[in-house]
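What the coordinates show
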Amino acid sequence: QKYEESKHEHEQKYIPIIVTSDSLPPPERGIIIVDPFSPFHGEVLIDRAVHDYGVGVVRVLSPYMARGFQKNSRIAGEDEVDYHARTAPLTDPELSKW
């Protein structure tokens, strides 16, 4: 997995998780998968996209899930994690830049 930094329109850093194959050349195309939690659905989609179609996959959280994770981590008293850094911009121009 590679990590790249980008900025959202609100000047927060958004750090996508990009999944690529180690055994294939770097992909020219990619897809974005939002909230891929299920090992039976999300992870299979990612694995098939990377290995069967040769694309890169960007894993992101939806703003809804990021808010929920942020709230639950505060309630549980866990170390502060910026779950919003795992969301993607929502407008087409910002998403294209990202």
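Structure first, text after, so check above.
This text gives an overview of the structure that appears in the document. (Residues numbered from 1 in each chain as written. Predicted model: local features only at pLDDT ≥ 70, side-chain atom pairs only at ≥ 80, totals over all residues. Heavy atoms only, no water.)

A separate point is helix 2 (residues 63-75). The first and last C-alpha atoms of helix 2 sit 18 Å apart over 13 residues, in line with the 18 Å expected at 1.5 Å per residue. Two residues or fewer past helix 2, G77 is found with a positive phi of approximately 70 degrees. (Helix = DSSP H or I, 4+ residues; strand = E, 2+ residues; numbered from the N terminus. Expected span 1.5 Å × (residues − 1).)

Further remarks concern helix 1 (residues 42-53). The first and last C-alpha atoms of helix 1 sit 16 Å apart over twelve residues, in line with the 16 Å expected at 1.5 Å per residue. Within helix 1 the residues assigned to the buried category are G42, I46, A49 and V50. For helix 1, the angular spread of buried residues about the axis comes to 85 degrees, placing them on one side. For helix 1, the elements touching its buried residues are strand 4 (17-19), strand 5 (30-34) and strand 6 (56-60). Note on helix 1: the residue one or two positions beyond its end, G54, has a positive phi of about 70 degrees. (Buried < 20%, exposed > 50% of the residue type's maximum accessible area, 1.4 Å probe, protein only. Arc of directions from axis to C-beta. Contact = heavy atoms within 4.5 Å.)

We now examine the layout of surface pockets. A volume near 150 Å³ is recorded for the second largest pocket. Along its surface, the second largest pocket is lined by I17, P36, F37, R59, V60, L61, V81, D82, Y83 and R86. Of the residues that constitute the lining of the second largest pocket, the class distribution is seven nonpolar, no polar and three charged. (1 Å grid on protein atoms, 1.4 Å probe; cavity = no way out; pocket = protein on both sides within 12 Å on 5 of 7 lines; lining within 4 Å. Points joined across faces, edges and corners; volume = space filled by probe spheres on them. Nonpolar A, V, L, I, M, F, W, Y, C, P; charged D, E, K, R; others polar.)

Along any regular strand the residues' side chains alternate between the sheet's two faces. With four of its five residues buried, strand 6 lies for the most part within the structure. Of the strand pairs in this sheet, strand 4 and strand 6 are connected by three bridges, and their pairing is antiparallel. Of the residues in strand 6, the one forming a bridge with I17 is R59. When strand 5 meets strand 6, the two strands line up parallel, connected through five bridges. (Pairing = 2+ DSSP bridges.)

Right, let's get into the pattern of salt bridges. Throughout the structure, instances matching the rule amount to two salt bridges. A salt bridge links R59 to E43; the shortest N-O distance between them is 2.8 Å. Residue R59 is found in strand 6, and its partner E43 is found in helix 1; the two are separated by 16 residues along the sequence. (Salt bridge = Lys/Arg side-chain N within 4 Å of Asp/Glu carboxyl O.)

Right, let's get into the nonpolar core. Of all hydrophobic cores here, the largest spans seven residues; its members are V19, I33, I46, A49, V50, V55 and V57. By residue number, the principal contributor to this core is helix 1, which donates three residues. (Core = buried A, V, L, I, M, F, W, Y, C linked by side-chain atoms within 4.5 Å.)

Another point: the side chain of S62. For S62, the location among the structural elements is in the loop between strand 6 and helix 2. By relative accessible area, S62 is classed as buried at 15%. Those residues in contact with S62, other than ones at most four positions away along the chain, are V34, D35 and T87.

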